[in-house]
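A look at the structure
For reference, the chains in residue letters:
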Amino acid sequence: MATDIPLAPYAAHPEQSRGRSFSEPPPSYRSEYQRDRDRIVHSAAFRRLEYKTQVFVNHEGDMFRTRLTHTIEVAQIGRSIARCLQLNEDLTEAIALAHDLGHTPFGHAGQDVLNECMRAYGGFEHNLQSLRVVDELEEKYADFRGLNLSFETREGILKHCSPDKAKGLAEIGQRFLLRRQPGLEAQLANLADEIAYNNHDVDDGLRAGLITVEQLCDVSLFRQQYEVVMARYPDLSGRRRVHEIIRRMINSQVTDLINNAKANLARVQPESIDAVRSMDGPLICFSDEMNEFNLEMKRFLRRQLYQHYRVQRMTNKAGRVIRELFGVFMTEPKLLPPEASREAAAFEAATGEEGRARAVADYVAGMTDRYAILEYGRMFDPAALTW
Ligand code: MG
């Protein structure tokens, strides 16, 4: 641990880990979860997050969040809370840094269209793909495929999973069949994600001019902090006013989560991570009141930002790029670059057309926004001179 604060009994203790799929000697100067975190940071999929969309496509502006900066914010929020609750900060960080590795280019638009394309072949789900990236797709080590991460990190990455898919996932899928919980660090990383995107989407939406402070004053979370800030700093305006409100919104959600989780943990007093896993519901959660506020904010963002016509135009265009790239490689796998082409042939030999589709989906999902746009040009623009 990076800190002298002892871990609580219900935290993930590295010595109680369920281990790695491929057995490795223990690290000599780091904890197991630090090693996981370091492997994630050094992965190719992590670097690609820089050029993947959160809400705004990368080339729309340099000031908007990308998947990478979103990921770093999730890790920051998660670590602060983990330390405060005496949970394992390294594990929380590892899960946070890996949580979006499986996202397609162009955010949810990309995921939805790729899922459509893959409907006859088992579907595509970004969360499952994040696990696939760390388990299978990263090519970093001589001894094994993927990153060979600890069970607890993988457990945290796989946030949700249908019972159907869970059946094919061995031990990591069990909890979705038994309706059990993941460890507290996984529960925390999930909510740190929610705190990060709800707040930074407000910030980015305002910056893009797609939503306004006046509209946001109809949303409780925003209005509460707006009123505090205006009473205290009546002359404040512009970006500083927005940032002062948003930092207070983040603080109110983090504080609510810490207080509520502390009360739950004091009431239940789980004696180990396995006691946490066998519970009916999560212990790291917001108060009912904060849950309501968060839902109200999500509804607002969906209506006013994610469905804004300018965002929808980009979404539509992105969907076309993904659909057509998938289609052309599926019909003509020989157009794939050599590595992806070899993968497609190997998967096809093993599981037929479904295998080929999975290899094409892996290739398309791994693209950054700008690579997908370039590749689209190379495939469909007769005037494009590159190959
Ligand atoms: Mg996320």
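Because the structure is predicted, anything quoted here is derived from the model rather than measured.

1. Quick word on the coordination of the magnesium ion
All of the protein donors around the magnesium ion are His-70 (NE2), His-99 (NE2), Asp-100 (OD) and Asp-193 (OD); their distances to the metal are 2.1 to 2.5 Å. Counting the intervening residues between successive donors of the magnesium ion yields the motif H-x28-H-D-x92-D. Linking His-70 in helix α3 (residues 67-84) with Asp-100 in the loop between α4 (89-98) and α5 (107-117), this pair joins segments that are 30 residues apart in sequence. Here His-70 matches Asp-100 in class, with each residue buried.

2. Observations regarding helix α12 (residues 220-232)
A rise of 1.5 Å per residue sets the reference length of α12, with its 13 residues, at 18 Å; its end C-alpha atoms lie 18 Å apart and thus fit the reference within 8%. Close packing links the buried residues of α12 with α10 (184-208), α11 (213-216), α13 (238-268) and α15 (288-306).

3. Digging into the domain arrangement of the protein
Splitting the protein by domain gives domain 1 (14-310) and domain 2 (311-380). Computed from C-alpha atoms alone, the centre-to-centre distance between domain 1 and domain 2 is 27 Å. With 35 residues of domain 1 at the contact, the number on the domain 2 side is 30 residues. Summed over both partners, the interface of domain 1 with domain 2 buries about 2800 Å², with 63% contributed by carbon and sulfur atoms. There are three salt bridges connecting domain 1 and domain 2. The partner of Asp-362 in a salt bridge is Arg-132, with the nearest N and O atoms 2.7 Å apart. Connecting domain 1 to domain 2 are 18 residue pairs in polar contact (both at pLDDT 80 or more).

4. As for the packing of aromatic side chains
For the coordinates displayed, the defined rule picks out six aromatic pairs. An angle of 85 degrees between the planes, with centres 6.4 Å apart, marks the rings of Tyr-363 and Tyr-371 as edge-to-face. Where Tyr-376 meets Phe-380, the ring centres are 5.0 Å apart and the plane angle is 50 degrees; that geometry is what we call tilted. Taken together, the positions of Tyr-376 and Phe-380, both in helix α19 (residues 369-380) and four residues apart, correspond to about one turn of that helix. In this structure Tyr-376 comes out as partly exposed when scored by relative accessible area, which is 24%. A relative accessible area of 32% means that Phe-380 is categorised as partly exposed. Counting every residue linked through ring pairs, the aromatic cluster contains Phe-22, Tyr-141 and Phe-144. A cation over an aromatic ring shows up here: Arg-370 above the ring of Tyr-51, its NZ or CZ 3.7 Å from the ring centre.

5. Thoughts on the nonpolar core
It is characteristic of soluble globular proteins that their nonpolar side chains tend to be buried jointly. Formed by 76 residues in total, the largest nonpolar core has its most connected members in Ile-40, Leu-87, Leu-101, Val-202, Phe-222, Ile-284 and Met-297. One finds Phe-106, Phe-326, Val-360 and Val-364 within the second-largest nonpolar core, a separate group that totals 29 residues.

6. Describing the packing of α12 against α15
Two elements in contact, α12 and α15, have axes whose closest approach is 8 Å; the angle formed by their N-to-C orientations is 105 degrees. Taken together, the axis directions place α12 and α15 in an arrangement best described as roughly perpendicular. Along its contact with α12, which presents Ser-220, Leu-221, Phe-222 and Gln-224, the element α15 presents Met-290, Phe-293, Asn-294, Glu-296 and Met-297. Class assignment for the residues of the contact of α12 with α15 results in five nonpolar, three polar and one charged.

7. Some details on the pattern of salt bridges
In the structure shown here, the tally under the stated rule is 35 salt bridges. Of the charged contacts in the structure, one is a salt bridge between Arg-277 and Glu-152, with a shortest N-O distance of 3.4 Å. Of this pair, Arg-277 sits in helix α14 (residues 273-277) while Glu-152 sits in helix α7 (residues 151-157), placing them 125 residues apart in sequence. One exposure class covers both Arg-277 and Glu-152, and it is buried. Among the ionic pairs, Arg-207 bridges to Asp-203, the shortest N-O distance being 3.7 Å. In this pair, Arg-207 and Asp-203 are both assigned in helix α10, four residues apart and thus about one turn of the helix distant. Under the relative-accessibility criterion, Arg-207 is labelled partly exposed at 26%.

8. Things to note about α13
Between its terminal C-alpha atoms α13 stretches 45 Å, which fits the 45 Å expected from 31 residues at 1.5 Å a residue. The first or second residue beyond α13 is Gln-269, which carries a positive phi of 45 degrees.

9. Some thoughts on the environment of Asp-164
Tracing the sequence through the fold places Asp-164 in helix α8 (residues 163-167). Classification of Asp-164 as exposed rests on a relative accessible area of 63%. A C-alpha to C-alpha distance of 27 Å links Asp-164 and Phe-329, two positions 165 residues apart in sequence.

10. Some words on the packing of α10 against α15
One way to put it is that α10 packs onto α15 with a least axis distance of 11 Å and a crossing angle of 40 degrees. Relative to α15, the element α10 is oriented oblique. Handedness of the α10/α15 crossing: left-handed. Contacts from Glu-194, Tyr-197, Asn-198, Asp-201, Val-202 and Gly-205 in α10 reach Asn-294, Met-297, Lys-298, Leu-301, Leu-305 and Tyr-306 in α15.

11. Topic: the side chain of His-200
The residue His-200 is located in helix α10 in this model. With residues up to four places along the chain from it excluded, the contact list for His-200 reads Gln-54, Arg-65, His-70 and Glu-73.

Conventions and cut-offs
- Residues numbered from 1 in each chain as written.
- Predicted model: local features only at pLDDT ≥ 70, side-chain atom pairs only at ≥ 80, totals over all residues.
- Heavy atoms only, no water.
- Donors = N, O, S within 2.8 Å, 3.2 Å for Na, K, Ca; no water.
- Helix = DSSP H or I, 4+ residues; strand = E, 2+ residues; numbered from the N terminus.
- Buried < 20%, exposed > 50% of the residue type's maximum accessible area, 1.4 Å probe, protein only.
- Expected span 1.5 Å × (residues − 1).
- Contact = heavy atoms within 4.5 Å.
- Domains from an automatic or database assignment.
- Buried area = accessible area lost by both parts, 1.4 Å probe.
- Salt bridge = Lys/Arg side-chain N within 4 Å of Asp/Glu carboxyl O.
- Polar contact = N/O pair within 3.5 Å; in protein donor to acceptor, adjacent residues only side chain to side chain.
- Phe/Tyr/Trp six-rings, centres within 6.5 Å; stacked < 30°, edge-to-face > 60°.
- Lys NZ or Arg CZ within 6 Å of the ring centre and 35° of its normal.
- Core = buried A, V, L, I, M, F, W, Y, C linked by side-chain atoms within 4.5 Å.
- Axes fitted to C-alpha atoms, helices over the stretch in contact; angles between N-to-C directions.
- Parallel < 35°, antiparallel > 145°, perpendicular 65-115°, else oblique.
- Nonpolar A, V, L, I, M, F, W, Y, C, P; charged D, E, K, R; others polar.
- Left-handed = near helix turned anticlockwise from the far one by under 90°.

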